[in-house]
Amino acid sequence: MLLVRLADTEELEENQMITNGPDRIPNKVPDRVVYFGSDSIWLWAIRKARRNIPQQAISPRSISTQSPASNVHYEIPDTVDRLPYDVPADDFDWKQEEMNLLQKKGAFSLPPLHVQKALLDAYFRWVFPMQQLLDREQFLRDFEAGRASVLLLQALFFVGTTCCDEDIIREHWGTRRSAQVTLYRRVKALYDADYEQNQITVIQVLFSMTCWWGSPTDEKDFSHWLAAAVRLAQVNGMHRSTKHSHLSAKYRKLWKRIWWTLYVRDHFDAASLGRPMLIHDEDCDLELLDISDFMDESEDVREDHDTSSLLGAWHSVEMAKLAVLLGRIIRATQQDKNTHVFRKDMDAELSAWEKRLPERLRYDEHETDPRAKLFAAMLSLGFHWCKILLHRQIFLDTVPEHELSVAPVSANAVTRVVEDLLAEGVLHHASVYLIAILFACVTIHIIRLRQSEGSRRRVLQHKAQLCALGLAEFKDSWPFVGWMYRLFRNVLERLRVEDSPYEHHDPNFEQRPSIRRPPESDLSNLPANGTAAAESESTAIPMSFGGLDASSTGSQPAAVPPAHTTSGMASFDNIMDPFMSLDPTDWLNLHGETFGSLRAEDMTLPFPMNLLFDQNSSGC
């Protein structure tokens, strides 16, 4: 366990509240530089003034990084103030009013000291090793001295709520969602007020905000915060080589870690949601991440993978390499260049990447260290995610004899890893892109299930259930996952009833409502409470799977005769009917108002959903 060395005293807590309050003087920003792009008129003017070489080519890739002339980061003298001199006379009063408003909103309020410690322990244990975008030792020193940025503190507390123990959540907030909303509001209020002047800190905070997705209509979801972080990083020139800049070695390494963390998240998010990538390789000339970027100058680079910190560093290095390959797959797919030759070449490069993995980062189900197992699992899952994306279309277009195509093989591998992580109890600590991987895998299993019979069908049903159970692990932290989980749970329950509609006599079967959409001709004859009437019939659902829903109650209505059960079953083709209610969703806006069920067209799916429900699909 990471030990945050804090004296649990009221004196320290009071001191921390004061130094982080509205009167706190921001720390001097070290290594301040200004970035001018290669095609900037300002860069040309500076080089002319310094009698250096003239304007370079526009593409960063065409600039030699062996020459000091390639430097595009210029040191800002200490005499240059961040604020303009011609500020309005009432600027101080306006800022004071803003600080008072932030205090009223509770932006400077911190949880009790032991809660702070628990949240930071969780963050540094599970999140930081795979996303090392801050200087941990410096942060902990600032935290103990009470001079850490309050904005960064609130952001790390916010991230900590996604991975800390439930006991901490219940003690101070009641529910995990309540903790997330409370801390998100505080971070957002401070960010909107431009409270923090250190732009590197702001980038770190913006990336932390990618843990937020408040509702399906929330304009400032995780993509918004990631885009803001990437843009601010580009403004500072983090995407450009700092080899010949005035930055110290310490900050050059920090910049590289920040940029490649953004790069990995951007590419995996683009692959997950089908959105354009924010970062393009042709705009960057920053060197690839290296293990030395995680160590001080005095430390030796050793092939020693026993410590979680170094193991996390190796994980980040390999994940950055994998993200580069993933970007090529995304571009080829978007440009309709995912040809047989391209797939063959990419398969070879992915296999080469996998073979070069350090021994400790090759997934082994017998690994006893939970964090080491998680780090290796995330690389394995990322590898198979690339395989699925590369071969997804050929799987969808396949004919029955191509039964062992690559996508189903990778989906099976993912399912085995997920089963292991579920057994270890660490799946909910995995990176967020695992949600999209699980979504794709359960879809693959269901498509194959619909095309199979007998024992093979039951095995595929079991695999789909395991993936759905994996999705359930993320429901508390990501409400949208709860909706996806209920969608697939309903699909699997209907498949179960479809397989054996007359076998559900067991009292352990839970009764759940199933809506029958009336014919168009009857819509006009529905009474005012027609929805309730349409929900009057029930289906029998086994508690062994339906009971996974955290919102289900312990009460069990009397069993319904089998004949009545199947007569009330909605047709499988209409599972995505927007008039069919799934379970009540957990979507809430910042005012606590419920959004209700989502429509099918509100979801971006990695596969054509009609393939899940095509009754006439041929088997493979």
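The structure displayed is predicted, hence computed values, not measured ones.

Q: Explain the confidence of the model for the chain residue by residue, including any values.
A: Averaged over every residue, the pLDDT of the chain is 74; residues scoring 70 or more account for 63%. When pLDDT is averaged over each element of the chain, helix 6 (residues 150–160) comes out on top at 97 and strand 4 (residues 538–542) at the bottom at 30. Predicted confidence is poor over residues 61–68, with pLDDT under 50, and the contacts of this stretch with residues over four places away or in other chains come to 20 contacts. Predicted confidence is poor over residues 399–403, with pLDDT under 50, and the contacts of this stretch with residues over four places away or in other chains come to eight contacts.

Q: Tell me about the packing of aromatic side chains, residues and numbers included.
A: Counted under the stated rule, the structure contains 15 aromatic pairs. A ring pair is formed by Phe124 and Phe139, whose centres lie 6.0 Å apart and whose planes are at 45°; its orientation type is tilted. Note that Phe124 is positioned in helix 4 (residues 113–127) and Phe139 in helix 5 (residues 136–145), a separation of 15 residues in sequence. Each member of the pair Phe124 and Phe139 is classed as buried. With a centroid separation of 4.7 Å and an interplanar angle of 55°, the aromatic rings of Trp260 and Tyr263 are classed as tilted. Of the two residues, Trp260 and Tyr263 both sit in helix 11 (residues 249–273), three residues apart, roughly one turn of that helix. We note that Trp260, like Tyr263, is buried. Taken together, Tyr123, Phe124, Phe128, Phe139 and Phe143 form an aromatic cluster joined through their ring pairs. Its guanidinium or amino end placed over the ring of Trp212, Arg177 lies 4.7 Å from that ring's centre, counting from NZ or CZ.

Scoring rules and cut-offs
Per-chain numbering applies: the sequence of each chain, read as written, is numbered from 1 onward. With the structure being a predicted model, the display of local features is reserved for residues of pLDDT at least 70 and the display and counting of side-chain atom pairs for 80 or more, all residues being used for whole-chain, interface and lining totals. Remark: hydrogens and water are excluded; side-chain values derive from all non-hydrogen atoms of the structure. The predictor attaches a confidence to each residue, called pLDDT, with possible values from 0 through 100. Per the convention used, a helix needs a DSSP run of H or I reaching at least four residues, while a strand needs a run of E reaching at least two, with both numbered from the N terminus. Contacts: residue pairs with any heavy atoms within 4.5 Å of one another. For this analysis, a ring pair means two rings from Phe, Tyr or Trp (six-membered ring only for Trp) whose centres lie within 6.5 Å, classed as stacked if their planes differ by under 30 degrees, edge-to-face if by over 60, and tilted for the remaining angles. Think of it in three bands: residues with accessible area under 20% of the maximum for their type are buried, residues over 50% are exposed, and the middle band is partly exposed, with areas taken using a 1.4 Å probe on protein chains only. Each ring is checked for a lysine NZ or an arginine CZ that lies within 6 Å of its centre and within 35 degrees of its normal; such an atom marks a charge sitting over the ring.

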